[in-house]
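Below, each chain spelled out in residue letters.
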Amino acid sequence: MAATVFYLDDIPEPGAIAVLDGPEGRHAATVRRIRVGEPITLSDGRGVLAESEVVAAKRDRLDLKVLGKTVAQPVSPRVTVVQALPKSDRSELAVELMTEAGADAIVPWQAARCVANWEGKAAKAVDKWRAAARSAARQSRRAYIPEVADLHRTRDLLELVRKAKAEGAIVAALHESGGGRFTELPFGEAPEVVLIVGPEGGLDDAELTELATAGADVVLLGPTVLRTSTAAAVALGALGALTPRW
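Going by an unreviewed UniProt entry, the protein carries the name Ribosomal RNA small subunit methyltransferase E and comes from Nocardia amikacinitolerans. Heading Function (unreviewed entry) of the UniProt record for the protein holds this comment: "Specifically methylates the N3 position of the uracil ring of uridine 1498 (m3U1498) in 16S rRNA. Acts on the fully assembled 30S ribosomal subunit." The UniProt entry for the protein carries the following comment under Sequence similarities (unreviewed entry): "Belongs to the RNA methyltransferase RsmE family."

See the structure below:
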């Protein structure tokens with residue numbers, strides 16, 4: 001893959017000219033100062049990759065000749081991260097880290113002990129998470145931008161867990177009281193993994209009981225207590241080594 005990746009919803013066929021404008025074009029032309037003749041990899045964020053070359057550069061736009069297209073196969077198992085809302089100063093950092101570590105889908109969760117509260121501003125906050133995921137995916141040169149769901153309450157999360165379990169997924173709620181270890185779960189047999197990360201104050205007892213009843217495995221990730229903003233990235237790194245994802 002080329003050193004620079006930018007996202008374009010509709011990538012034309014090889015030989016045609018693609019126009020990179022809007023926020024992506026401004027970033028490429030103004031911030032990165034990419035010039036004529038430089039190679040760029042385009043992606044639609046849904047797996048399509050296209051090698052291209054800049055043929056014209058303006059202040060907020062690049063024209064690129066598409067040289068070839070491929071489709072990157074998604075990794076397996078697919079990983080969804082349910083992230084309890086971190087404090088505002090670490091909220092988007094959590095999204096950036098888990099995106100760089102390979103999360104395929106991200107679900108913001110208003111857990112009982114969350115310090116942050118998105119009531120009345122969920123749509124704006126979700127948009128910030130989606131922008132953070134897109135930026136981090138570009139930075140890490142990903143062909144797939146993680147899907148960021150709308151805000152989930154606990155009742156929505158329990159339904160997600162039950163559905164995932166019915167489809168054969170492993171659902172791991174990361175908590176220091178876990179009766180088993182994360183590394184002992186049979187990840188190699190699962191088509192999907194759902195990671196549940198609690199807030200700074202931890203999952204409360206009622207949530208742990210409800211999650212376990214719905215089918216989640218409450219497990220210990222490792223020997224140290226991690227921040228909520230970093231736990232998902234650490235778990236994703238472990239999954240990369242434990243499964244064919246890496």
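Once you've had a look at it, read on.
A. Structural view of the pairing of strand β4 (residues 48–58). Relative to β4, strand β3 (residues 39–43) runs antiparallel, the two being bridged by five bridges. Each bridged residue has a counterpart across the sheet, and for P39 the counterpart in β4 is E53. Between β3 and β4, which follow one another and run antiparallel, lie four residues, and G45 among them has a positive phi close to 75 degrees. Summarising the sheet, β4 and strand β5 (residues 61–71) pair through 10 bridges and their orientation is antiparallel.

B. Expanded view of the nonpolar core. Residues V81, F182, L195, I196 and L211 are the most contacted members of the largest nonpolar core, which totals 59 residues. Discounting chain neighbours no more than four positions away, the residues touching V81 are M98, A103, A105, I106, V107, L195, V197, A232 and L236. Ranked by size, the runner-up nonpolar core spans 16 residues in total, among them L8, A18, V48 and A50.

C. Looking closely at helix α2 (residues 88–100). What α2 keeps buried is the set S91, A94, V95, M98 and T99. On an axial view of α2, the arc spanned by its buried residues comes to 120 degrees, and they lie on one face. On its buried face, α2 is in contact with β6 (78–84), β7 (105–109), α3 (122–139) and α6 (228–242). Following α2 by one or two positions, G102 has its phi on the positive side, about 110 degrees.

D. Up close: the packing of aromatic side chains. Summed over the entire model, instances satisfying the criterion amount to two aromatic pairs. Centroid distance W118 to W129: 5.1 Å. Interplanar angle 80 degrees. Geometry classified as edge-to-face. Taken together, the residues W118 in the loop between β7 and α3 and W129 in helix α3 connect sequence positions 11 residues apart. Taken as a pair, W118 and W129 share a single burial class, namely buried. Between F182 and F187 the ring centres are 4.9 Å apart and the planes differ by 50 degrees, which places this aromatic pair in the tilted class. With respect to class, F182 is no different from F187; both count as buried.

Rules behind the numbers
- Residues numbered from 1 in each chain as written.
- Predicted model: local features only at pLDDT ≥ 70, side-chain atom pairs only at ≥ 80, totals over all residues.
- Heavy atoms only, no water.
- UniProt positions renumbered as here; feature names shortened; annotations may be inferred.
- Pairing = 2+ DSSP bridges.
- Helix = DSSP H or I, 4+ residues; strand = E, 2+ residues; numbered from the N terminus.
- Core = buried A, V, L, I, M, F, W, Y, C linked by side-chain atoms within 4.5 Å.
- Buried < 20%, exposed > 50% of the residue type's maximum accessible area, 1.4 Å probe, protein only.
- Contact = heavy atoms within 4.5 Å.
- Arc of directions from axis to C-beta.
- Phe/Tyr/Trp six-rings, centres within 6.5 Å; stacked < 30°, edge-to-face > 60°.

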